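# Working through the structure, step by step
Each chain is listed here by its residues.
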2 protein chains.
Amino acid sequence: MPKQNKLSLIPLGGLGEIGKNMTVVEYKNQIIVIDAGIMFPEEEMLGIDLVIPDITYLVENKEKVLGLILTHGHEDHIGALPYVLPQLNIPIYGSRLTLGLAEAKLQEHGLDRKARLHPVNPGDSVKIGSFKVDFINVNHSIAGVLGLAIHTPVGTIVHTADFKIDHTPVDGEPLDFRKFAELGEKGVLVLLSDSTNVEREGYTVSERVLAEKFEELFHRAEGRLIVATFSSNIHRVQQVVNAAILHNRKVAFVGRSMVNVVSIAKELGYLQIPDGLEVELDMIDRLPANQVAIVTTGSQGEPLSALSRMATGEHRKVAIMPGDTVIISASAIPGNEKLIARTINHLFKKGANVVYESTTGVHVSGHARQEELKLMLNLVKPKFFLPVHGEYRHLVQHANLAQEIGIPSENVFIAENGDVLEFTANTGRVAGRVTAGRVFVDGLGVGDVGSVVLRDRKQLSQDGILIAVITIDRDNGKILAGPDIISRGFVYVREAESLMEEVRGRVKVVLDNCLSQENCDWSMMKGRVRETLSKFLYERTKRRPMILPIIMEV
Amino acid sequence: MPKQNKLSLIPLGGLGEIGKNMTVVEYKNQIIVIDAGIMFPEEEMLGIDLVIPDITYLVENKEKVLGLILTHGHEDHIGALPYVLPQLNIPIYGSRLTLGLAEAKLQEHGLDRKARLHPVNPGDSVKIGSFKVDFINVNHSIAGVLGLAIHTPVGTIVHTADFKIDHTPVDGEPLDFRKFAELGEKGVLVLLSDSTNVEREGYTVSERVLAEKFEELFHRAEGRLIVATFSSNIHRVQQVVNAAILHNRKVAFVGRSMVNVVSIAKELGYLQIPDGLEVELDMIDRLPANQVAIVTTGSQGEPLSALSRMATGEHRKVAIMPGDTVIISASAIPGNEKLIARTINHLFKKGANVVYESTTGVHVSGHARQEELKLMLNLVKPKFFLPVHGEYRHLVQHANLAQEIGIPSENVFIAENGDVLEFTANTGRVAGRVTAGRVFVDGLGVGDVGSVVLRDRKQLSQDGILIAVITIDRDNGKILAGPDIISRGFVYVREAESLMEEVRGRVKVVLDNCLSQENCDWSMMKGRVRETLSKFLYERTKRRPMILPIIMEV
């Protein structure tokens, strides 16, 4: 689709968000892909496990695709790897932590042996076809995040990755201002920048401020301390570990992903845990309560997570008891608010003291706010600007910021996934569209659940199903058995026997009428049963179950 | 259940929240009920329309129930009336607005003729049996809210209702400090106070601050102004009307509940709209854009609301156009965050400028924050304290505030719905429990959908249903027709024909095996089909559809 000698940028994938999970950079017959992440299903995507970007465009242009760059190890940036790699066996670039997490994911799918993983460090440059990619240190809520400068024959693209500006980061490595400034000085054609926190004024505070908070909470707590956070937030885990060291507590890690990520991060040197500090979970009951700290998953209230199980008394090894202090060191991902609230209520009922964001600042964001975003725009001074990593409303507001900074509105693009943004050294425009969208993963099925299945699930979920089944003599059209009426999810059948009897009666009348007609065929019969029952049941119950007539011929 | 000569308080109903939708006050053989509200179904209550409190206890003690007091007209305080009144035909007390809204609701259910409605004003006292009830003006996000002082032979109960302290309310009537202070001075046995905003420090600001905000937005807007808010927030609507007057805009009201509430509020004098200001919606297209203001429902992004329809281009009369300014003057009720975000995205895509809470302060809360709650506790100086109107975590924190104020912890009760709190002039304790909980309303069915039906709906919603049906000869046990395999919501059948063929084959084998056995009966046969298919389908798809074997006998 993109023309020769022009540079194209195509955001792919994303549900509400644009250019988050995957972005395509194309020049002549060469493509590099940035990120391969999943999205979490929306509420109405019933039964869907996860959502991946539609990569039809990449598969159709397979021979052009030279490599995949992972900016960082969050699920929405690496989670689709197991679905993408079998279709595009290309080399993958990323920081050691990102690739460590990616490898673990590929291992689960038995794909790790085929993957060609190329670890890079901040400051490195890699040549991929006509592209030269510089990797730039940025701060975020996971370690090992790399912003990108992609030098192309048409000009330089800067991609911030998910970022914030942390002047006192836990690992001592602030965002590489010098590099962004240098790029800006030399001239940047397009900037793609993270829009997540654009609605918030001011600056996001440093991860470091939590050190004091944790110390205070560790100091005050007389019983056990249980800290829930994202397993990927290595720096947060490090800060909890640091507080534990200071207050003579042993640390146990709980939850599958927490245990996995901690082990990878330790191995790769991203997480420092002194010998003897970490204990097995089985050990904690043998230690005095004030010598125990537990770091767990479940900060989003996910029903199957370790913290939720503790809260409801279903965890095999940890039972919440009065005197425990539970710190939920995370904010709600939109949509999880009620699950988190429920977990907090349960924890309080079990007698724990619960410390969470609404009451105490035990979390800081990993995304830049307005002042940081403006700083980035001013450092990079791009000719064209493409806000990404946000829903449409975030992009609009980020675009507004860019205009305040002085980028002319015609040079700012608010794209949708699938839009092809085409650039020359002096021009930029939306040049067309490619196939883009979302593919549903449900169990082993990738893409086999679509709108028809989801519409059925929706109806089934609201009012259930009512089945009317009969056996008819093929030769004389007589009813040999039934109608039998079976329902699920519609009414409590034991208390609705008379209603079911009436339904049976109605079906009988419809069948008899139809069978006595000349032109009666099965499809007409089914149609009439459906129609009659729909109407009857809605009148009687104001519900609309799915109605499924089944005719057996003998 | 409660003993003679003791005063009992029983919070009834509520999902996560305690003592919100209904509270029972009982002394000897006399009961008064405070509020009769609905709850909105949680996500997992599939297909449920609304949830009402279980009033078994009241129905069992019918002859004791003397009256129902409605503190205000929000759905979570009056919405269950149509379900409660037919079971308890008792007099109802409330402000004129509250009763106006209640009456409209009863009318819809054809119950208004039977209802005995007694309007009261702030400052009024009413004797109900041994109780004397004083009605006290408080501020909130709806007009006509009444706090209560219930004088009983054992002592005085003060109930704040949902409240905030607004020193500059739109209707000029601040919360009646003097009355609360006077009650405190004379001695209050128990205080029940609103815990909704207890997690927030400081004070909730006055509704009045929005006047300036609206004026600024009205001043800046060059096109039409569309303001979405709760229809019940009469003062908010009044402020929009005031801004419209100032800026020479006509006002049209959109959305069923907006139109209804505005008409009731106008009639009762709660809302002042000068003649000629209001126009029919059909008229707006004939006016210049800068002379139009539309006040609409849909501030929660409800998919069927007027604003959502405008956002998606499905509204019959209003199409969003570039230049429109849309103000969403509300905050998200927990659980609605994503719906609202989606609406905002759609509005931006249609070219509107959208102003909402995260970007601009266009909403203030109707609930008291910590400083106001402490003020209330200090004014009333109760002997016992029962935090209500909140989830468990809110009650814990409100209890903590009370202890900071100096109420001994043994005099503070964190109750659950159904707990019987028994008081004498000097003692208070949890004395037992009565039946309490939630009853699901689904269409016309009240209480007929329970855990079995919901469990089925859950399974159907996740992976659909697969039906295997056969007709068998009763005499010789031979299969005459089938097995036929039918599925809904499981896979897209056209692309899964071979899977369905395999399923058919598996069923056939199971049936043949079973039929060839001596002891084969239908229930064993169904069991084996279910088991075999469950296992097979999970292996092949990692999905667990409901499996429904149906056997017809001929």
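Residues numbered from 1 in each chain as written. Chains lettered and ligands numbered in written order. Predicted model: local features only at pLDDT ≥ 70, side-chain atom pairs only at ≥ 80, totals over all residues. Heavy atoms only, no water.

## What to know about the overall build of chain A
Of the regular secondary structure elements, chain A holds 15 helices and 27 strands. On the principal axes, the C-alpha backbone points of chain A span a range of 85 × 70 × 45 Å. Long-range pairs, those at least 24 residues apart, make up 71% of the contacts in chain A with a sequence separation of at least 6. For chain A, the exposed area adds up to about 22200 Å²; of that, 47% sits on carbon and sulfur atoms. Separation of charge centres in chain A, based on 61 positive and 68 negative side chains, amounts to 2 Å. (Helix = DSSP H or I, 4+ residues; strand = E, 2+ residues; numbered from the N terminus. Contact = heavy atoms within 4.5 Å. Areas by Shrake-Rupley, 256 points an atom, 1.4 Å probe, with all protein chains shown as cover. Lys, Arg positive; Asp, Glu negative; His and termini not counted. Charge placed at Lys NZ, Arg CZ, Asp CG, Glu CD.)

## Side note on the interface of chain A and chain B
Facing the 66 residues of chain A at the interface are 66 residues of chain B. For chain A, the biggest contributors to the area lost against chain B are R488(A), R543(A) and M552(A); these three give 10% of the whole. On inspection of chain A and its partner chain B, the count reaches 12 salt bridges. Note that K349(B) is salt-bridged to E416(A), the shortest N-O span being 3.4 Å. The interface formed by chain A and chain B includes 28 residue pairs in polar contact (both at pLDDT 80 or more). Mapped by element, the contributors of at least two residues to the side of chain A that touches chain B are α10 (337–349), α12 (392–405), α13 (451–463), β25 (465–472), β26 (479–488), α15 (522–541) and β27 (546–553) of chain A. (Buried area = accessible area lost by both parts, 1.4 Å probe. Salt bridge = Lys/Arg side-chain N within 4 Å of Asp/Glu carboxyl O. Polar contact = N/O pair within 3.5 Å; in protein donor to acceptor, adjacent residues only side chain to side chain.)

## A short note on the packing of helix α6 (residues 209–220) of chain B against helix α7 (residues 234–246) of chain B
Residues and elements named next belong to chain B. One way to put it is that α6 packs onto α7 with a least axis distance of 9 Å and a crossing angle of 40°. Classified by the interaxial angle, the pair formed by α6 and α7 is oblique. Every pair of crossing elements has a handedness; the one defined by α6 and α7 is right-handed. Residues L210, A211, F214, E215 and F218 of α6 touch α7, and the partners they reach there are R236, Q239, V240, A243, A244 and L246. Its residues placed into classes, the contact of α6 with α7 shows eight nonpolar, one polar and two charged. (Axes fitted to C-alpha atoms, helices over the stretch in contact; angles between N-to-C directions. Parallel < 35°, antiparallel > 145°, perpendicular 65-115°, else oblique. Left-handed = near helix turned anticlockwise from the far one by under 90°. Nonpolar A, V, L, I, M, F, W, Y, C, P; charged D, E, K, R; others polar.)

## Looking at α10(A)
Residues and elements named next belong to chain A. Along its 13 residues, α10 runs 19 Å from first to last C-alpha, staying within 8% of the 18 Å computed at 1.5 Å per residue. For α10, the complete set of buried residues consists of I340, A341, T343, I344, N345, L347 and F348. Two residues or fewer after α10 comes G351, characterised by a positive phi angle close to 95°. (Expected span 1.5 Å × (residues − 1). Buried < 20%, exposed > 50% of the residue type's maximum accessible area, 1.4 Å probe, protein only.)

## Topic: the pairing of strand β22 (residues 428–433) of chain A
Residue and element names in this part refer to chain A. Relative to β22, strand β21 (residues 419–423) is paired through five bridges, and the arrangement is antiparallel. Residue pairing for β22: V420 is matched across the bridge by G432. Taken together, β21 and the strand that follows it, β22, pair antiparallel across an intervening segment of four residues. (Pairing = 2+ DSSP bridges.)

## A closer look at the relation of the copies chain A and chain B
Of the transformation superimposing chain A on chain B, the axial component is 0.1 Å and the angular component is 180°, with the fit at an RMSD of 0.1 Å. On the angle and the small slide along the axis, the relation comes out as a two-fold axis. For chain A, the minimum C-alpha distance to the rotation axis belongs to S461(A) and amounts to 2.3 Å. A symmetric contact is evident, with 100% of the interface residues of chain A recurring at the interface of chain B. (Least-squares fit on C-alpha atoms with pLDDT ≥ 70 in both.)

## Considerations on the packing of aromatic side chains
All told, the structure shown has six aromatic pairs over all chains when counted by the stated rule. Taking 5.3 Å as the distance between ring centres and 55° as the angle between the ring planes, the aromatic pair formed by F384(A) and F423(A) counts as tilted. Separated by 39 residues along the polypeptide, F384(A) in strand β19 (residues 382–388) and F423(A) in strand β21 bring together distant segments of the chain. Classification of F423(A) by relative accessible area gives buried; the value is 0%. Centre to centre, the rings of F384(B) and F413(B) are 6.1 Å apart; their planes meet at 35°, and the pair counts as tilted. With F384(B) in strand β18 (residues 382–388) and F413(B) in the loop between α12 (392–405) and β19 (419–423), this residue pair connects regions lying 29 residues apart in the sequence. Cluster of aromatic residues (ring-pair linked, three or more members): F384(A), F413(A) and F423(A). Stacked on the ring of Y538(A), the Lys or Arg R544(A) has its end atom at 3.8 Å from the ring centre. (Phe/Tyr/Trp six-rings, centres within 6.5 Å; stacked < 30°, edge-to-face > 60°. Lys NZ or Arg CZ within 6 Å of the ring centre and 35° of its normal.)

## Describing helix α5 (residues 177–186) of chain B
Residues and elements named next belong to chain B. Of all the residues in α5, the buried ones are K179, F180, L183 and G184. Buried positions in α5, seen along its axis, are confined to an arc of 135° and lie on one side of it. The outward face of α5, more than 90 degrees from its buried face, is lined by the exposed residues R178, E185 and K186. Where the residues of α5 are buried, they touch β9 (131–137), β10 (146–151), β11 (156–159), β12 (188–194) and α11 (370–380). Downstream of α5 by one or two residues, G187 has phi in the positive range, about 110°. (Arc of directions from axis to C-beta.)

## Quick notes on the side chain of S487(B)
Residue and element names in this part refer to chain B. Structurally, S487 can be placed in strand β24 (residues 479–488). Classification of S487 as buried rests on a relative accessible area of 6%. If near-sequence neighbours (up to four positions away) are discounted, S487 is found in contact with I465, L466, V493 and M500.

## Comments concerning the sheet that holds strand β5 (residues 50–53) of chain A
Residue and element names in this part refer to chain A. The strand order across the open sheet formed by three strands is β5-β23-β24, and the pairing between neighbours is antiparallel. Strands at the two margins of the open sheet, each flanked by one partner only, are β5 and β24 (445–446). Two elements, strand β23 (residues 438–442) and β24, share two bridges in a ladder whose sense is antiparallel. Of the residues in β24, the one forming a bridge with D442 is G445.

## Things to note about the environment of E182(A)
All names here are of chain A. Looking at where E182 falls in the secondary structure, it is placed in helix α5 (residues 177–186). Here E182 falls in the partly exposed class, since its relative accessible area comes to 29%. Remark: the alpha-carbon pair of E182 and L379, spanning 197 residues in sequence, is separated by 8.3 Å.

## Concerning the sheet that holds strand β21 (residues 438–442) of chain B
Spatially, β4-β21-β22 (chain B) is the arrangement adopted by the three strands of the open sheet, whose pairing is antiparallel. Strands at the two margins of the open sheet, each flanked by one partner only, are β4 (50–53) and β22 (445–446) of chain B.

## Concerning the pattern of salt bridges
This structure, assessed with the given rule, holds 64 salt bridges over all chains. Between E199(A) and R393(A) there is a salt bridge, and its shortest N-O distance comes to 3.0 Å. Highlighted residues: E199(A) in the loop between β13 (188–194) and α6 (209–220) and R393(A) in helix α12, separated in sequence by 194 residues. Just as E199(A) is buried, R393(A) falls in that class too. The salt bridge partner of R540(A) is E502(A), with a shortest N-O separation of 2.8 Å. With a gap of 38 residues between them, R540(A) in helix α15 and E502(A) in helix α14 (residues 497–515) connect regions that are remote in the sequence. Each of E42(A), E44(A), K338(B) and R342(B) takes part in one network of salt bridges that share partners.

## Side note on the environment of R200(A)
Residues and elements named next belong to chain A. Tracing the backbone shows R200 in the loop between β13 and α6. By relative accessible area, which is 43% here, R200 ends up partly exposed. In this structure the C-alpha to C-alpha distance between R200 and R369, which are 169 residues apart in sequence, comes to 5.5 Å. The contact partners of R200, leaving out residues within four places of it in the chain, are R369 and Q370.

## Examining the domain arrangement of chain A
Residues and elements named next belong to chain A. Its domain assignment divides chain A into domain 1 (7–202 + 365–442), domain 2 (209–356) and domain 3 (451–553). Together domain 1 and domain 3 conceal approximately 390 Å² of surface at their shared face, both sides included; 64% is due to carbon and sulfur atoms. At the junction of domain 1 with domain 3, the criterion picks out one salt bridge. Residue D442 pairs with R457 through a salt bridge whose shortest N-O separation is 2.7 Å. Applying the counting criterion to the domain 1 and domain 3 interface returns two residue pairs in polar contact (both at pLDDT 80 or more). (Domains from an automatic or database assignment.)

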